[in-house]
Amino acid sequence: MSVLNGIMNFVEKVVAPIASKVSTQRHINAIKDGFVATMPFLIVGSLLLVLAFPPPGDNFFLNGWHSLMEMIGRDNILTPFQVSMGIFAVYAAYSIGFSLAESYGLRAQNSGLLSLFTFLLAAAPIQSVEGVGGVIPAAYLGGTGAFTAIMAGLFVPELQRFLRDKNISLKLPEAVPEKIAASFDLLIPIVILAILVPGLNAILGGYDLTIPSAVMELFRPLVSASDSFLACLLAVVMIQLLWFAGIHGSAVVTTGILAPILLVNLGMNQDALAAGAELPKIFVNPLLDFFVFVGGAGGTWGFVVLMMRSKATHLNVIGKMSIIPGSFNINEPVIFGTPIVMNPNYFIPWMLSPMINTCIVWLAFKTEFVSKIVALPPWTMPAPIGAVIATNSGTAAILVGVCVLVSMVIFYPFFKMHEKQLLIEEQANTENAPNSEPVKA
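If you're wondering where the values come from, they're calculated on a predicted model, not measured in any experiment.

(A) Representation of a nonpolar patch on the surface in the model. On the surface, L170, I180, F184 and L187 cluster together into a nonpolar patch covering about 320 Å² of accessible area. In this structure, L170 sits in the loop between α7 (146-165) and α8 (178-184). Under the relative-accessibility criterion, L170 is labelled partly exposed at 40%.

(B) Fine view of the packing of helix α18 (residues 383-391) against helix α19 (residues 395-432). Between α18 and α19, the least distance of the axes is 8 Å, while the angle of their chain directions is 140 degrees. Taken together, α18 and α19 sit at an angle that is classed as oblique. By crossing handedness, the relation of α18 to α19 is classed as right-handed. Across the interface between the two elements, A383, P384, A387, V388 and T391 of α18 pack against A396, A397 and V400 of α19. Of the residues belonging to the contact of α18 with α19, the class tally is 7 nonpolar, 1 polar and no charged.

(C) Representation of unusual backbone geometry in the model. In this structure, the amide linkage connecting T338 to the following residue, P339, adopts the cis form with an omega of -10 degrees. If you check the backbone angles, N167 has positive phi at about 60 degrees while not being a glycine. Examined against the element boundaries, N167 turns out to sit in the loop between α7 and α8. The exposure class of N167 is exposed, given its relative accessible area of 55%. A positive phi angle, near 60 degrees, is found at D208, a position not held by glycine. Residue classification places D208 among the exposed positions, given a relative accessible area of 73%.

Rules used in this analysis
- Residues numbered from 1 in each chain as written.
- Predicted model: local features only at pLDDT ≥ 70, side-chain atom pairs only at ≥ 80, totals over all residues.
- Heavy atoms only, no water.
- Patch = residues over 30% accessible without salt bridge, like charges linked within 9 Å, V, L, I, M, F, W, Y side chains within 5 Å.
- Areas by Shrake-Rupley, 256 points an atom, 1.4 Å probe, with all protein chains shown as cover.
- Salt bridge = Lys/Arg side-chain N within 4 Å of Asp/Glu carboxyl O.
- Helix = DSSP H or I, 4+ residues; strand = E, 2+ residues; numbered from the N terminus.
- Buried < 20%, exposed > 50% of the residue type's maximum accessible area, 1.4 Å probe, protein only.
- Axes fitted to C-alpha atoms, helices over the stretch in contact; angles between N-to-C directions.
- Parallel < 35°, antiparallel > 145°, perpendicular 65-115°, else oblique.
- Left-handed = near helix turned anticlockwise from the far one by under 90°.
- Contact = heavy atoms within 4.5 Å.
- Nonpolar A, V, L, I, M, F, W, Y, C, P; charged D, E, K, R; others polar.

What follows is the structure in structure tokens.
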């Protein structure tokens, strides 16, 4: 018990304050908000990619699917993918710049456009092709350009803020309309960036690099390390610890810190699928959303089913209230209603269940029992459906079922202990109530 108290004190006094600062940090929030804004494009684009590449097989359904793709034409389906998921870094650069500028009180639309301008200068300078004209290279417009988009989105508002603080701007007559004057505020930063970014690309060109390729080389060890069992397990542990302290762990860890890395991993898998190559990455968001955390953080859907059958009124009510939102991976009613937050009775299953499920899920992907993830369904989609769509693999539903059963087994003894305590309390309250008869537990 002293060990558990020590862990709880550590979470409350060390982990929670750090996570709270991280979750409110201006630049991290800008990155998080920027990527959240791109999610509709990522979801639709990745689902279209799954549609365009049906899994192999020989049955009526799959044969019909393949025939439909031949009739429609795969290129017709992939066009919306290419201008959504295929160039999501373009949207991210604008959104991140917009979000950070908004937090500084700058003209957010101007900053978003300038961030987009900077990103395209760095990642997609127009190239002349004989007989075609100018073309924009798309190699770094998708997942591989995510880090460059982040840098552009963060650098531009900081540059604008510096110019504003130093009072460096074009002085226009007061008679000039405000919107026109606002557009002229972009002239000086545009000139600076038009010199700085191509100049840096020219210098890097001497080393056979560009800004995005140099950024990818810089982050390559981080991307490689992210796709490991230990990295995935560490992310799960941090999410669970933060939630136990009452902080939205997924928002801090996956949506905030890991988002660009996991999107790069997803982009690599999608590029490999389109090229007919082996999918390289395992750790992508749906691994947590639809396998490890079935029902929400902690993988509590199985626990909710147990509570629905509880004799204790409190647990029974929470279970019935939570089953529908839990089916869509929303489990705040469970976390705060049971409660699980800062409740030593549930610390062990809360941590242990997703950790064991992480081991099972990673092994399933590693042994190819389930195909690797190629799509990004909405995280609110029910787990079996989301898992099948994310992997384009029917065995994913079996793996989801295994994870639910494991969670139920781990939570069961702690649930029964809590239930027993509540039944005693309910019995005592009933006996002490005026004009009441004893109720059998």
